[in-house]
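In case you want the letters, here they are:
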Amino acid sequence: MIQGYAGKHLEIDLSNGKIRESEFGDDVLRDYVGGRGLAAKILWDRLGRKWEKVDPLGPENLLLFLTGPLTGYFPGGRTCVSGKSPQSNGTVGSTLSGEFGVELRCAGYDGIIVTGQSDKPVYLFVKDSDIELRDAEYLWSKDGKQTVAALTKECRNLLKTRYPKFGEWKEPSILYVGPAGENKVRTAVVSSKWAHAAGYGGYGAVMGSKRLKAVVVRGTGPLPEAADIKKVKRLINTVCTNVYENELWRRWGTGSAGYEVGAKTSSEPVRNWQEEWHDEKSFGVDKFENRLWMKQYWGDFGCPTTCLKLSCVKDGKYKGAITDNPDYEMQAYLGPNLGIFSPEENVFLVSLLDDLGLCGIQTGNVMGFAAELHQRRVLTCSDLDGLELKWGDTQTFATLAKKIAHREGIGDILAEGTYRAAVKIGKMKKKNLLPYAVQSKGISIGAHGTRSGKDYPEIISYACSVQGGDHTSTAGLPLDGGGSELMEIFNDSGVYCNFNSFGVPRNTRFEFYTAVTGIKLTRREWVRTKALKILQLQRAMLLLGGPDLKWTPKTHDVNPPRFYEPLPSGPYKGKTTDKQDVEQYKRRYYKAVGWDRNGIPEQKTLNKLGLEDVDEVLERIR
Amino acid sequence: MKKKKEPIWIARELSKCSGCRKCEIACSLYHENRIWPTASRITIFMLVPGLEFPHFCVQCEDYPCVNSCPVNALSVSKETSAVLVDGKACIACGKCIDACPGRIPHMHPKEKRIVICDLCNGNPQCVKVCREGNWNVLKTVPRRERAYKLYARKPDEITRDLSTKIYGEIGEEYL
């Protein structure tokens, strides 16, 4: 028996309300670890042979809430949400921070597998082995903050009534969807703690399609026993000590980047990426800090960084808005990308999107896309239900966000996400609108551009990632380096926050894994076998696609056209991504990960990894 | 010569709590050799996001919990002033929870005994981690003649107070 795991998963069939436990063999856990890796394995085993036919928003899709052996041990606990993605038709290991994963492991489960579809809104309540599906009719259409308040109250009362002798019950942990998820908006998130979200992948829509409003967990046991707790304690210290030396990282989190990534590295989306440079000092971190941060340090389980900050607008037009930092991605996509450079307006929009259950990156991207189409007179005011979508007009963007969440009017098309909206509007207007869609394989690109060459992503980071535009899972060489997707797969499969691993020697995470599980694992072994195996599964499912969309590497392993336009402003004016460099790098990358010239995993690669069944299915697209 | 222990108290500045729960981790590692939040003697409540705070024994001047125990399972440490639980004697009746003005003690999740902060024999682990990370919500101070019992408040009441400070009237909606 491998240590560090609870040893069982909960399986809920929402079609018939049946709840059971399932187990994975040691060999599966050893190879696929947990989180993103295990999700790929589960999805492949259960849906792989009919993958193209599976509708991500239909009852046959799975919704997975998974932890990893490092959840709760490695400082900074997270939870991984997965399934077939309604954005990419592949799979994404979408992680969010919070207490959920730790509570679940303390309840005795490594994960929850949700199948089927309920005919009425429900939520799942888990208190150790006391598990039930409960009515969520009264929660349906409630926004994020209202949902958390109602469920905290109801479930604490439940605990108090059922276990009156315990004392005062700490609140359980809650994952939930807002109205956007309920309405199957493809840019909908799975949320926790008001402001945390699993955004990439669009799993809020999957949860909504299953009519699962929330999952509530309270676990009272210890974390599954680690193989060497003394070593674990030592490694926790190593990670924390490293973080404690990084004062400004802790003090500002990524909140300093809203100004810096524009002003310093010219890689921030400004007005739908028409520019990547700005020097708007009104958007400096000190403005957020001095005016809006009620807490300088806000964090989740075991986190030494506490990079989140608690923002609250107490007066004026935007009074009542509450969110975290906002972190850089939210600053950028719901700030400069929409022509907004005011901290209050930014916090207001982020808080609104939290409440609606919309992803700030995906929705900020599609709103920027719509605003550019308006700027170019492709979308008229009447196309936009009378809205004049001007850059910097926060109230109008707020109205648009609500329309998207409720799929009203133009919102119904934009709710499909940038790629699908570009295709749909393009057909209506008989124009190719993909040059304005800054995305990769249905997933909007994170707020770090490649044109200036001064930020961390590389020229193939998004084009070749198995998770499309996901800026937390970027492709690059060398395969065992910091910019490699294979290393990101480890974070998402061990399921912990990689923000706490910055500056920690790359091998420490593997030592951590060994201390918890008792299984020896080196970086070399990870990269050459296990991670590569997970990558092939994700790549195979991505390329097989879905009923509405398929990707061919030749057409779609590319950067968005905008990334080939020269930067129009700033210190790196004129710089751009070189297409030939991309093609050369891509060829080297394909070779390194064992894909053929067309970008499809090769038979010999798959056979060597023991993935003969994947090879068989991929014959269909070779 | 070993320094004589003196009675201590843990001063707390609740509104600065980040909610990182490192105190729960440190406490349970020290007492149970496991990461076990529900067995921790200190609990971070988050009844409303953003209003996290640690909830743990304040060592009231008159120790109502100790006086309420029908089997003398609770006593006061002469060295540190902490409440000590005799796990073998405790019958898990919960009378001490009702006696505590803040309903701070709670049952051990697996064993039939109550859990109360013992100040780690004078070297509280929660304080150590909170200060290492510079959050400084907790600080050990010498115990003097003060109204410590005031600090034994119920989680819902503390949440309400913190909401007033952090969110102002905006917070009303979420309480």
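Whatever comes next refers back to the structure up there.
Residues numbered from 1 in each chain as written. Chains lettered and ligands numbered in written order. Predicted model: local features only at pLDDT ≥ 70, side-chain atom pairs only at ≥ 80, totals over all residues. Heavy atoms only, no water.

Trainee: Provide a residue-level description of the overall build of chain B, including the pertinent values.
Mentor: Broken down by element type, chain B carries 5 helices and 8 strands. The order of helices and strands in chain B, counted from the N terminus, is β-α-β-β-α-β-β-α-β-β-α-β-α. A compact globule built from 175 residues should have a C-alpha radius of gyration of about 16 Å, and chain B, at 16 Å, falls within 12% of that. Each principal axis of the C-alpha distribution contributes one length, and for chain B these read about 50 × 40 × 35 Å. Taking all 175 residues of chain B together, 57% fall into the buried category. Taking all contacts inside chain B whose residues are at least 6 apart in sequence as the whole, residues at least 24 apart take part in 64%. Total accessible area on chain B is roughly 8,000 Å²; 50% of this is exposed by carbon and sulfur atoms. Computed over 28 positive and 20 negative side-chain charges, the separation of the two mean positions in chain B equals 7 Å. (Helix = DSSP H or I, 4+ residues; strand = E, 2+ residues; numbered from the N terminus. Rg over C-alpha atoms; globule rule 2.2 N^0.38 Å. Buried < 20%, exposed > 50% of the residue type's maximum accessible area, 1.4 Å probe, protein only. Contact = heavy atoms within 4.5 Å. Areas by Shrake-Rupley, 256 points an atom, 1.4 Å probe, with all protein chains shown as cover. Lys, Arg positive; Asp, Glu negative; His and termini not counted. Charge placed at Lys NZ, Arg CZ, Asp CG, Glu CD.)

Trainee: I'd like to hear about the interface of chain A and chain B, residue by residue, with values.
Mentor: Taken together, the contact pairs 51 residues of chain A with 48 residues of chain B. Note on chain A versus chain B: buried area summed over both sides is about 4,200 Å², and carbon and sulfur give 58% of it. Taken together, chain A and chain B are joined by 6 salt bridges. At the boundary of chain A and chain B, one finds 26 residue pairs in polar contact (both at pLDDT 80 or more). Taken together, the elements giving at least two residues each to the side of chain A that touches chain B come down to helix 3 (100-106), helix 4 (144-162), helix 7 (229-244), strand 13 (293-298) and strand 14 (308-312) of chain A. (Buried area = accessible area lost by both parts, 1.4 Å probe. Salt bridge = Lys/Arg side-chain N within 4 Å of Asp/Glu carboxyl O. Polar contact = N/O pair within 3.5 Å; in protein donor to acceptor, adjacent residues only side chain to side chain.)

Trainee: Lay out a positive patch on the surface in plain terms, naming residues and giving numbers.
Mentor: Where like charges cluster on the molecular surface, the positive patch consists of A:Arg524, A:Arg528, A:Lys591, A:Lys604 and A:Lys608. Elements with a contribution of two residues or more to the positive patch: helix 19 (523-544) and helix 22 (603-608) of chain A. (Patch = residues over 30% accessible without salt bridge, like charges linked within 9 Å, V, L, I, M, F, W, Y side chains within 5 Å.)

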